[in-house]
Amino acid sequence: MELVGALAAGLAVFAGFMAALPSRAQPTLGLRLRARAAYAARIEAARTLLARARLEISPGSYLALGVVAPLALGSLGLILSTPMAVLGLVVGALIPRWYVRYLVGSEARAASDDAPRVLRAMVNRAAAGGTYPDLFAAAAEAARHRWVKADFEEILGRYYANEPPADALVEVRRRQAGRNLGLVYDALIVLTRTHQPASAAGEVLASLSEASRANQSIARQAAAESRGLRLQAAILAIVIPGLFLYLTVANGELIAPVTATPLGRYVLLPAAALLEVAGIVLSWRITRLEA
């Protein structure tokens, strides 16, 4: 009986162990799936951002740059002090994103400048009895910005390649950084999916044209008023580090308390660098106007 009991106990322990294995492996599998999903989401977000910035680099390279840049600036900052290394890590992590968003803003402003012109050409062609390919061709002819022209030419080429126009418009819509042209593409997607005639498209685009001209007029006025503030911020951002470098070369003893003492290297210099970066970021955000 003792042998049977021991055998039964052993089987019970073995069965319990085998039953516990899937529950232990499941969190690991779930963690891998979540990590893959998070990486795929980051790749897709980077692909959309790079497409709007019109940068022809892979999303993986962009994400890798977000790792390499902090390490490079952190290593340079470590030459001075540990706080400067931490500041270098933070700034290095933000620089690629700032640069790409700057390019997106530039593309948005250029597209917004073309939006009233493109809308006017499409409305005139629709009023003359043109079809959707005629509207796309008119937009490509009226556009001055190369990417706006290239997008409408691509849509026209896909149309003649027997691709549904709504699918081509959806694909190109993902690259649009400007709000006004984004609205134009959204309207064209709805019109083509619902099989509305080009005359109805002309009426919808005419209303968008009036709103686009009003928005562009307000944006230009506000940009003109903020240009002076942005120029002042740029001058201060250049003059202060330039003055520090000049004193370093001309009279190193004058700034020795900042560069040669523990208080300066670990407190004063990192604080000055942090305030400089914060001032640039805040000045840019206050004076920035997105199209």
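Higher on the page you've got the structure.
Residues numbered from 1 in each chain as written. Predicted model: local features only at pLDDT ≥ 70, side-chain atom pairs only at ≥ 80, totals over all residues. Heavy atoms only, no water.

## Focus: the nonpolar core
If you look at soluble globular proteins, the nonpolar side chains tend to sit buried side by side.
Working step 1: Ranked by internal contacts, the top residues of the largest apolar core, which has 31 residues, are Met122, Phe136, Phe152, Leu188 and Leu205.
Working step 2: Elements with a contribution of two residues or more to this core: α3 (82-127), α4 (132-142), α5 (146-160), α6 (165-173), α7 (179-193) and α8 (198-250).
Working step 3: If you look at the next biggest cluster of nonpolar residues, it comprises ten residues, including Ile43, Ala53, Leu63 and Val104. (Core = buried A, V, L, I, M, F, W, Y, C linked by side-chain atoms within 4.5 Å. Buried < 20%, exposed > 50% of the residue type's maximum accessible area, 1.4 Å probe, protein only. Helix = DSSP H or I, 4+ residues; strand = E, 2+ residues; numbered from the N terminus.)

## Here's the deal with the side chain of aspartate 114
Working step 1: Inspection of the secondary structure assignment puts aspartate 114 in helix α3.
Working step 2: By relative accessible area, which is 2% here, aspartate 114 ends up buried.
Working step 3: Not counting chain neighbours up to four residues away, the residues in contact with aspartate 114 comprise Ala143, Arg144, His145 and Val148. (Contact = heavy atoms within 4.5 Å.)

## What about the pattern of salt bridges?
Working step 1: With the rule as written, the count across this model stands at ten salt bridges.
Working step 2: Ionic pairing is found between glutamate 163 and arginine 158, a salt bridge with its closest N-O pair at 3.6 Å.
Working step 3: Arginine 173 is the salt-bridge partner of aspartate 186, the closest N and O atoms lying 2.9 Å from each other. Placement of aspartate 186 in helix α7 and of arginine 173 in helix α6 is noted, with a sequence separation of 13 residues between them.
Working step 4: Arginine 173 sits in the partly exposed class, given a relative accessible area of 23%.
Working step 5: One salt-bridge network, in which partners are shared between bridges, spans Arg54, Asp151, Glu154, Arg158, Glu163 and Arg175. (Salt bridge = Lys/Arg side-chain N within 4 Å of Asp/Glu carboxyl O.)

## Side note on the packing of helix α2 (residues 59-78) against α3
A pair of packed helices can be characterised by two numbers: the angle between their axes and the separation between those axes.
Working step 1: Packing of α2 against α3 brings their axes to within 7 Å, and their N-to-C directions diverge by 150°. Comparing their axes, α3 and α2 come out roughly antiparallel. Considering only the axes of α2 and α3, their crossing is right-handed. Packed against α2, whose contacting residues are Tyr62, Leu65, Gly66, Ala69, Pro70, Leu71, Leu73, Gly74, Gly77 and Leu78, the element α3 presents Thr82, Met84, Ala85, Gly88, Leu89, Val91, Gly92, Ala93, Ile95, Pro96, Arg97 and Val100 at the interface.
Working step 2: The residue inventory of the contact of α2 with α3, partitioned by class, reads 15 nonpolar, six polar and one charged. (Axes fitted to C-alpha atoms, helices over the stretch in contact; angles between N-to-C directions. Parallel < 35°, antiparallel > 145°, perpendicular 65-115°, else oblique. Left-handed = near helix turned anticlockwise from the far one by under 90°. Nonpolar A, V, L, I, M, F, W, Y, C, P; charged D, E, K, R; others polar.)

## Overview of a nonpolar patch on the surface
Working step 1: Taken together, the side chains of Val67, Val68, Leu71, Val86, Leu89 and Val90 make up a nonpolar region of the molecular surface, amounting to roughly 520 Å² of accessible area.
Working step 2: Looking at the nonpolar patch, the elements that each hand over two or more residues are α2 and α3.
Working step 3: Inspection of the secondary structure assignment puts leucine 71 in helix α2. (Patch = residues over 30% accessible without salt bridge, like charges linked within 9 Å, V, L, I, M, F, W, Y side chains within 5 Å. Areas by Shrake-Rupley, 256 points an atom, 1.4 Å probe, with all protein chains shown as cover.)

## Considering the packing of aromatic side chains
Working step 1: Applying the stated criterion to the full structure yields three aromatic pairs.
Working step 2: With a centroid separation of 5.9 Å and 80° between ring planes, the pair formed by tyrosine 159 and tyrosine 160 is classed as edge-to-face. (Phe/Tyr/Trp six-rings, centres within 6.5 Å; stacked < 30°, edge-to-face > 60°.)

## A look at the environment of glycine 88
Working step 1: Inspection of the secondary structure puts glycine 88 in helix α3.
Working step 2: When its relative accessible area of 10% is taken as the criterion, glycine 88 is described as buried.
Working step 3: Spatially, the C-alpha atom of glycine 88 lies 9.9 Å from that of leucine 274, the residues being 186 residues apart in sequence.
Working step 4: Excluding its chain neighbours within four sequence positions, the residues that come into contact with glycine 88 are Pro70, Leu73 and Gly74.

## Considering α5
Working step 1: With 15 residues, α5 extends 21 Å between its outermost C-alpha atoms, agreeing within 8% with the 21 Å of an ideal straight helix rising 1.5 Å per residue.
Working step 2: Taken as a whole, α5 has its buried residues at Val148, Asp151, Phe152, Ile155 and Leu156. Along the axis of α5, the buried residues cluster in a sector spanning 135°; they form a single face. In α5, those exposed residues whose orientation departs by more than 90 degrees from the buried face are Arg146 and Tyr160.
Working step 3: In this structure, the buried residues of α5 make contact with α3, α4, α6 and α7. (Expected span 1.5 Å × (residues − 1). Arc of directions from axis to C-beta.)

## A closer look at the packing of α6 against α7
Working step 1: Across the interface, α6 lies against α7 with an axial gap of 9 Å and an inter-helix angle of 160°. When the interaxial angle is binned, α6 and α7 end up roughly antiparallel. The interaxial crossing formed by α6 with α7 has left-handed handedness. Contacts between α6 and α7 involve Pro165, Ala166, Leu169, Val170, Val172 and Arg173 from the first element and Gly182, Tyr185, Asp186, Leu188, Ile189, Thr192 and Arg193 from the second.
Working step 2: Grouping the constituent residues of the contact of α6 with α7 by class yields eight nonpolar, two polar and three charged.

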